[in-house]
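# Examining the three-dimensional arrangement
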Amino acid sequence: MAGTPRRRTAAVLTAAITLALAVTGCSSSGGKQAEDESAGGGTGKGVHTPRLKIAMVTHSGEGDTFWDIVQSGAKQAAAKDNVEFLYSANKEGDEQAQLVRTAIDRRVDGLIVTLAKPDALKAEVEKAVEAGIPVVTINSGAQFSEGLGALSHIGQDEAVAGEAVGEELNKRGRKKALCVIHEQGNVSLEERCAGAKKVFEGSLETLNVEGTNMPATQSSIEAKLQSDKDIDTIVTLGAPFAAASVKAREQAGSEAEIDTFDLNAQVVKSLKAKEIGFAVDQQPYLQGYLAVDELWLYTTNANVLGGGEPVLTGPAIVTEKDVPRLEKYTARGTR
């Protein structure tokens, strides 16, 4: 669990390492220069170690801005670390596994993978490890990471994050919540709703929607609000779906509060406008950045972040009070 002393220590160590690496990056490559070179595909001037090839394979669906932020962090670290960064994604587990197989065939020096659908990925991740490719898992499936031979997992404890939402809903006096799952079979999304339900003193039910079809998602949420006037809260599990829920609420004539997991520029604008109550930040930029950095550190110096324990990047509850501090970072796509 995220509250254990060992994991707190890992999180603190990670923060210290991140700060040290950020300072090193700024002093050696000019900070902004490295970011610009990353955007342009350059390697930056951060290190003089041999060129590495690192692949990231995620379960992202089309239009999910969360993964743009993850990639932003990964590309920044790649620019600093002299890494060729390869990204691919597919929301279907079997297709994601095929992409992992392709990365293995390309003889990458490191692999970053999400385990939203661990059963589909198990065999291919094990093949990567057997082939001598170091693996870091991020974002989802933390409980399966060690068993598949990964060095470590970087992300938030999804059950704990869900409980944080339930506790926040209790503080706000909410009574009936709808938890919107935008990808069926994704173990992390299910954990979030289950965690919220565990501690929420009101009632919570789930609604499965087709996350890659935003008009259909909006229609499903709108129909649910129209059919159940007692719903006073909608919890979405990704930033793009919060915007769809705001529109659905308007069309349904509902006064339900919209709360969401994850940040992007639109969520921050909606927090500022008080269209959204709060967001849960798991720092996706940090997930991408640390994953690339860990593989570089492991390859060049045999380091493992967090001593093999999960490295926690969240959760943190963000409200309109945090907007002034975060607005410029979400605008540039790093938060």
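A brief structural summary. Residue indices follow the written sequence of each chain, beginning from 1 at its first position. Only residues with pLDDT of at least 70 get local features here, since the model is predicted, and only at 80 or more are side-chain atom pairs given and counted; chain-wide, interface and lining totals rely on the full set of residues. Neither water nor hydrogens contribute to the side-chain values; these are computed over all heavy atoms in the structure.

### With respect to unusual backbone geometry
Excluding glycine, residues mostly have negative phi values, and the peptide bonds linking residues are mostly trans. That bond from glycine 314 to proline 315 is cis: its omega, 10°, falls within 30 degrees of zero. Structurally, the position occupied by proline 315 is in the loop between strand S11 (311-312) and strand S12 (316-318). Secondary structure elements follow DSSP: runs of H or I no shorter than four residues count as helices, runs of E no shorter than two count as strands, and numbering proceeds from the N terminus.

### Concerning the nonpolar core
What makes a nonpolar core is a set of buried Ala, Val, Leu, Ile, Met, Phe, Trp, Tyr and Cys residues whose side-chain atoms join them at distances within 4.5 Å. For every residue, the accessible area (1.4 Å probe, protein chains only) is compared with the maximum for its type, and the residue is labelled buried under 20%, exposed over 50%, or partly exposed between those bounds. Grouped together as the largest cluster of nonpolar side chains are 29 residues, with contacts concentrated most on Met56, Ile112, Val136, Ile138, Ile154 and Val292. When contributions to this core are tallied by element, the ones reaching two or more residues are strand S1 (52-58), helix H3 (66-81), strand S2 (83-89), strand S4 (135-138) and helix H12 (284-301). The element best represented in this core is H12, accounting for nine residues. Pairs of residues are marked as contacts when any of their non-hydrogen atoms sit within 4.5 Å. With residues up to four places along the chain from it excluded, the contact list for valine 292 reads Ile54, Ala74, Ala77, Ala78, Asp81, Val83, Phe85 and Ile112. Counting residues in hydrophobic clusters, the runner-up holds 24 residues, among them Leu207, Leu225, Val318 and Leu326.

### Remarks on the state of the cysteines
Note on disulfides: each one is a pair of cysteine sulfur atoms within 2.5 Å. The final tally for this structure, using the stated rule, is one disulfide. Across the disulfide, cysteine 179 is cross-linked to cysteine 193 (sulfur-sulfur distance 2.1 Å). Between cysteine 179 and cysteine 193, the S-S torsion sits near -85°, and that sign places the bridge as left-handed. Of this pair, cysteine 179 sits in strand S6 (residues 176-181) while cysteine 193 is found in helix H8 (residues 187-199), placing the two residues 14 residues apart along the sequence. According to the relative accessible area criterion, cysteine 179 is buried, its value standing at 1%.

### Regarding the pairing of strand S5 (residues 152-155)
Neither face of S5 is open: one carries Ser152 and Ile154, the other His153 and Gly155, and all of them are buried. Here three bridges tie S4 to S5, and the two strands are oriented parallel to one another. Directly across from threonine 137, in S5, lies its bridge partner histidine 153. The pairing criterion is simple: DSSP has to find at least two bridges between the two strands. In the sheet, S5 pairs with S11 via two bridges, with the strands oriented parallel. Across the sheet, the residue bridging to isoleucine 154 is valine 311, located in S11.

By themselves, these observations are geometric and do not establish any function.
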